[in-house]
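Inside the fold
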2 protein chains.
Amino acid sequence: MKYIFFFLFASIISSAQVTKEQLNLMPWPQNVSVSQGSFVLTKNFKVNITGAPNSRIFTGATNFLRRLDGRTGMFFNQGFVTGLNEVPNAQLQINCVRAAEIELYEDESYLLDVTPNKITISATTDVGALHALETLLQLLQNNSNSFYFPVSKISDFPRFTWRGLMIDGARHFMPVDVIKRNLDAMAAVKMNVFHWHLVDDQGWRIEMKKNKKLIEKASDGLYYTQEEIKNIVKYAADRGILVVPEIDVPGHGSAILTAYPEIGSKVVNLNVGSTEKGQQLKQEQTYTVERNAGIFSPTLDPSNPKTYEILSSIFDEVCPLFPGKFFHIGGDENEGKDWDANPKIQEFKKKHNLANNHELQTYFTMQLVPMLKKHNKELMGWEEIMTKNMSKDAIIHSWKGANEGLAAGKSLVEAVKGGYKTVLSNGYYIDLMYPIESHYSVDPMPKNVVLTDEEKARILGGEATMWSELATPATIDSRIWPRAAAIAERFWSDEKVTDINNLRKRLKTVSFRLEELGLLHLKSKEGLLRNISNNQKSDALLDLSNVCEPLKGYTRNNEGTEYKMYSPLTLFADVCTPDASDALEFNQAVSNFLNNKSTDNQIIVISFLNKWIKMDTDLKTLSTNAPLVQPVLPLSKNLSDISQQLLLKIEKKQNVDVSLLNDLLEKCNSKEHADVELAVYNSLKKLVQA
Amino acid sequence: MKYIFFFLFASIISSAQVTKEQLNLMPWPQNVSVSQGSFVLTKNFKVNITGAPNSRIFTGATNFLRRLDGRTGMFFNQGFVTGLNEVPNAQLQINCVRAAEIELYEDESYLLDVTPNKITISATTDVGALHALETLLQLLQNNSNSFYFPVSKISDFPRFTWRGLMIDGARHFMPVDVIKRNLDAMAAVKMNVFHWHLVDDQGWRIEMKKNKKLIEKASDGLYYTQEEIKNIVKYAADRGILVVPEIDVPGHGSAILTAYPEIGSKVVNLNVGSTEKGQQLKQEQTYTVERNAGIFSPTLDPSNPKTYEILSSIFDEVCPLFPGKFFHIGGDENEGKDWDANPKIQEFKKKHNLANNHELQTYFTMQLVPMLKKHNKELMGWEEIMTKNMSKDAIIHSWKGANEGLAAGKSLVEAVKGGYKTVLSNGYYIDLMYPIESHYSVDPMPKNVVLTDEEKARILGGEATMWSELATPATIDSRIWPRAAAIAERFWSDEKVTDINNLRKRLKTVSFRLEELGLLHLKSKEGLLRNISNNQKSDALLDLSNVCEPLKGYTRNNEGTEYKMYSPLTLFADVCTPDASDALEFNQAVSNFLNNKSTDNQIIVISFLNKWIKMDTDLKTLSTNAPLVQPVLPLSKNLSDISQQLLLKIEKKQNVDVSLLNDLLEKCNSKEHADVELAVYNSLKKLVQA
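Everything quoted here is computed from the prediction, not taken from an experiment.

Description of the relation of the copies chain B and chain A
Between chain B and chain A, the superposition needs a rotation of 180° and an axial shift of 0.0 Å, giving an RMSD of 0.0 Å. Both copies of the chain, as the preceding transformation shows, are related through a two-fold rotation axis. Residue B:Lys523, judged by its C-alpha, is the member of chain B lying nearest the rotation axis, at 2.9 Å. Comparing interface residues between copies, 100% of those in chain B also lie at the interface in chain A; the contact surface is shared.

Now the structure itself:
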């Protein structure tokens, strides 16, 4: 009787048939098919592992169970998965043929087969199986009182082998917990390369036991210990992620030269105090850890043998911390000012027949190749390293584009045609606060360029870059996520998966689920708003933040000096994100209304306008006890003012003064307030002009 | 002209006079006086340090600047404070006579003097100065467009020298970032002892390089590395906090005995397979890492010399990680079952003239004294270690009370009368989910007992204990804060500071400000609600959580087996906290209404009742797509049902069936749903009976 009841019940709850279109998978798998029926979760759900995997699959399966239990409140009986074939009759069976190596071109494919009573994951490697577990978590469905997986078959593999995220731990130091939770998030969307920018003008972030000066003089006490680095590399490997460290040379050299001024390129006037001590003092005063953002002249001296001695010693200490095959040496944004002004360096160029600074930099970079080879590492660098004598073994990291006055991805094509392997980051600079669509529409495989299969194969993939001039541990998650998930899909899924509306729909759920990994991208907003509002209830402030976006490109940090590395990043602009949620909804509402001026469509537009008028009133009240609200009042007033006029025009059908309307509209296009812009300007303009 | 304008402006904005009663200081200082006028913050605000402090003051002053800048958005010019007398004309002058030692009885006093143009902090030690900086941060005031400190003089010092917080990193492992942010919060409310519970039945959490088995077999891979421990000890010392580690023996021994079954007390039947290998296997099967909560029998064997060999080796490795003077060896809850059943141990007792298990445990504990003395450490233990032969050097940690069938603080009085120093934790068990008032009203100095001055002096202070059976890294902050801040006040402030309403008022601001330290106690709620509501808008769920409190005492975890260490703690009870905010407000509203049935008072009561009726409707809708909402529906329905009847009674003046009302009321007293209770029951009862 019990059983009959159970089956009846099971058939009722599984009756809501799920279609493929309803699934919120990301990156979208290569092949998905959904059939009638479902696998209903119970507390007896267990996992069993067979085959010959690396032990990372046990950690992965245990974490999978905890996350699924956290979502469903099932109280699973199984606690830890610690070995092979522990529960032969488990409902979820995972088989991995062999252990994965954490390197490029590894087999990451998997098959996932959900039937009403059993789920099977088959993968060549454990990393493929980990990807399958993430897909399975994304498959989770529910009705009013149960959780289930739809009966389905998924076969999947990545389009590109390099699916990277770079985090800059130099500008603002990002502690271990920030790195770890972002590695978890990367794994959740099947990214597999963590590029760790560890050194820049603003700081040296690697504990050094031999070259201690780097830490003592150039870190402000903020750095990763060698043990922490090893732990993070292991943590990444357990999630199928390769770590690529970066030490940026010869430019971006302020931190290194603060520790070792003697290898800098700047000509120091040594006439004053020519004693050895006096000279040293003078040199030390030449370089300091940089507090601003931008491109600075401190550059290593390529003509000084000591430069290579020190770098060699540094690589000897740092390389063993990273078992991966690649080492990124930066090489970007060396403007050569100090080289040009240094007669010794000019002489060196002549002596070595180096026609210009590019060739000089190539000379410099080529000296690093054997230092890395010694540790079995291949050199990678930003696109500036690609000059005519550069070794073809180097990987070219393509980053320049419109911002630098170049065609997007120009260096990528040059690289593959020149015989280099390459990774694309132009188009994926998520620190610039551009909308999701702008990243999602960029494909690492260039269009309108004919490439041979060999050339195509040299395009390893792409990498999202998160520079941290304007990000802190409290805000960086909201700068990376959920946009990086859309980029991850670009790197993994078929090139035909490009529907932005479909992406947006799925991204809502994906972003929500990332929170279970400890990410603060959603939560941080609430805390920042409390600070700005001085702990007053702040619905109005939230409403305003949902139509404002941080200034784009590098315009928020004017000349790189407005915000220093210790300036407050607890402000209204830090609450706001690209793709402001209410702005997206309003844009849609306006578009619908202008297509069809039905009462229903009008009501939605008008409700937004009314909301903003009330918001402005509430914000004024709020501001009487919250100084940090003052800077946003002009934004709110501008939006309220035009909303009032548009109400008269649309709802009351009054004739509104056109020049007044245009004046008010243009005020909404201002970028002068609180480092944000109103993301509804274009839609307001359409309403004004309609 | 500019200057005249500035001065006019400054005088206007500083005109709102602040009174002492408006300040949200916690712990309340010993002496506070506020005068007319204020010190207005500008971006030129700087700090200067003189005297002979420990370098921790530089870190402290730098962190102070960043926090103040984060709150005010001032963009201070000063970035880092790194040495003495860097800015002789700075507005904030800090003088410390000497460096503090991180130990009991250190001078933690300070003087803080705010005048309109200058702020002076004078302290004997840098730790006193750090306390002053926290007080200064709490003094911050604002009007609509500026931030200022009221002109004031504060002289302050602690009432007790031991102001502790214990965190249990054994039941649920709490990673480094959890510990660090809680140390920051401790410092913010002037707590100075972090008691770190590192070992229990559920796990061994200290990396061991010599006794590796402890980590390999008894940690599930979750432990603090020795480097992490040293870093945390340093982090604590930089905030004036002493770390007291605890290894709990001889009871609570499951983890240790999983690694070393050969020193367990349980009689293992060795008849089967008497080969050495067979015996070993049998022993290994005897002990496993515990997954439930409760008191378990695995206990170290006090009659086995090997026990002391292993413990001595463990202390040799662990003691050097902790420079402080005290080592906590637990000693609690040893029920002696395995001792009684073991003939070898009984024989040992007879041989050593040990009358009972208490004396046997004292014998055991006394063997640890020299092991600790060797490392210059004094032994501390839970009150069970206090038996007639116990060394008078030991510190007695008093914890038992009503829950254990004893008078509260009984052992505290026995200890000081017996010549022991002691610390009180009974009354401060914050994991039990009791309201703030119940902790705040407990004083470490017993009332109604006559003690000599010498005896009083042996009461070192108190300690809040946060056991982690039902807390995870995501929820522990909300279990500790803000209640621990109220306890911190009890330990620091004058015994006459006891007004609970005044405390509650201040606590709102204190709790809000703790968020700037990265604490998740406020934010975590939002994320958990998103999970429960399945990412649907959840105002109704939030409303319900604001009148519900987690089941108190140990009733949530029935018999300790409902929740295992890997069970989901992402549920409705994990969102709720003691002192449910709307319940407090409703209680006040009901009390006002019953005193004076004015229309105004009635409106407030009725608005709550209406809110709960709507809430129930909304929750039903929400639940159709959120299985985790189902368990809370009965709570919401019960509250809605009685609210409807009370509306009829109060608003419509109808005669409502008394027995119906009482039935509905008693349903609101249920503890059967979602592991929470309705915190408005008592006030509802008053309305029913009115």
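Some remarks on the interface of chain B and chain A
Taken together, the contact between chain B and chain A spans 54 residues of the former and 54 residues of the latter. Regarding the contact of chain B and chain A, the summed buried area is about 4100 Å², with carbon and sulfur atoms giving 58% of it. Put simply, chain B and chain A have two salt bridges between them. For the interface between chain B and chain A, the tally reads 22 residue pairs in polar contact (both at pLDDT 80 or more). Ranked by the residues each element gives to the side of chain B that touches chain A, the list is headed by helix 19 (residues 523-532) of chain B, at six residues. Of the residues contributing to the side of chain B that touches chain A, the split by class is 15 nonpolar, 24 polar and 15 charged.

What to know about the pairing of strand 13 (residues 378-382) of chain A
Regular strands show a simple pattern: their side chains alternate between the two faces of the sheet. All names here are of chain A. In terms of burial, strand 13 is a largely internal element, five of the five residues being buried. As defined by bridge partners, strand 12 (residues 326-330) adjoins strand 13 across three bridges and the pair is classed as parallel. Bridging from a neighbouring strand, Phe-327 pairs with Leu-379 of strand 13. As judged from the three bridges shared by strand 13 and strand 14 (residues 395-398), these two strands associate in the parallel manner. If you follow Met-380 over to strand 14, its bridge partner there is Ile-395.

Structural notes on the pattern of salt bridges
Residues and elements named next belong to chain A. Taken as a whole, this structure holds 89 salt bridges over all chains when the rule is applied. Note that Arg-159 is salt-bridged to Glu-495, the shortest N-O span being 3.9 Å. Of the two residues, Arg-159 is situated in the loop between strand 7 (147-156) and strand 8 (162-168) and Glu-495 in the loop between helix 17 (483-492) and helix 18 (500-514); the sequence distance between them amounts to 336 residues. Glu-495 sits in the partly exposed class, given a relative accessible area of 45%. Taken together, the salt bridges that share partners define one network made up of Arg-67, Arg-71, Glu-134 and Glu-516.

Concerning the confidence of the model for chain A
Residue and element names in this part refer to chain A. Averaged over every residue, the pLDDT of chain A is 95; residues scoring 70 or more account for 95%. When the criterion is pLDDT under 50, residues 1-15 qualifies, and its contacts beyond four places in sequence or with other chains add up to six contacts. We note a pTM of 0.96 for the whole complex and an ipTM of 0.95 for its interfaces.

Some details on the environment of B:Val176
All names here are of chain B. For Val-176, the position within the fold is in helix 4 (residues 176-188). Along the chain, Val-176 and Val-249 lie 73 residues apart, while their C-alpha atoms are 24 Å from each other. With residues up to four places along the chain from it excluded, the contact list for Val-176 reads Tyr-224, Glu-228 and Ile-232.

Digging into the packing of aromatic side chains
Residue and element names in this part refer to chain A. Scanning all chains against the criterion turns up 42 aromatic pairs over all chains. Each ring, one from Phe-39 and one from Phe-149, has its centre 6.2 Å from the other, and the planes form 40°; the classification is tilted. Taken together, the residues Phe-39 in strand 1 (residues 31-40) and Phe-149 in strand 7 connect sequence positions 110 residues apart. Take Phe-149: its relative accessible area is 0%, and that puts it in the buried class.

Rules of the game
Residues numbered from 1 in each chain as written. Chains lettered and ligands numbered in written order. Predicted model: local features only at pLDDT ≥ 70, side-chain atom pairs only at ≥ 80, totals over all residues. Heavy atoms only, no water. Least-squares fit on C-alpha atoms with pLDDT ≥ 70 in both. Contact = heavy atoms within 4.5 Å. Buried area = accessible area lost by both parts, 1.4 Å probe. Salt bridge = Lys/Arg side-chain N within 4 Å of Asp/Glu carboxyl O. Polar contact = N/O pair within 3.5 Å; in protein donor to acceptor, adjacent residues only side chain to side chain. Helix = DSSP H or I, 4+ residues; strand = E, 2+ residues; numbered from the N terminus. Nonpolar A, V, L, I, M, F, W, Y, C, P; charged D, E, K, R; others polar. Buried < 20%, exposed > 50% of the residue type's maximum accessible area, 1.4 Å probe, protein only. Pairing = 2+ DSSP bridges. pLDDT = per-residue confidence, 0-100. Phe/Tyr/Trp six-rings, centres within 6.5 Å; stacked < 30°, edge-to-face > 60°.

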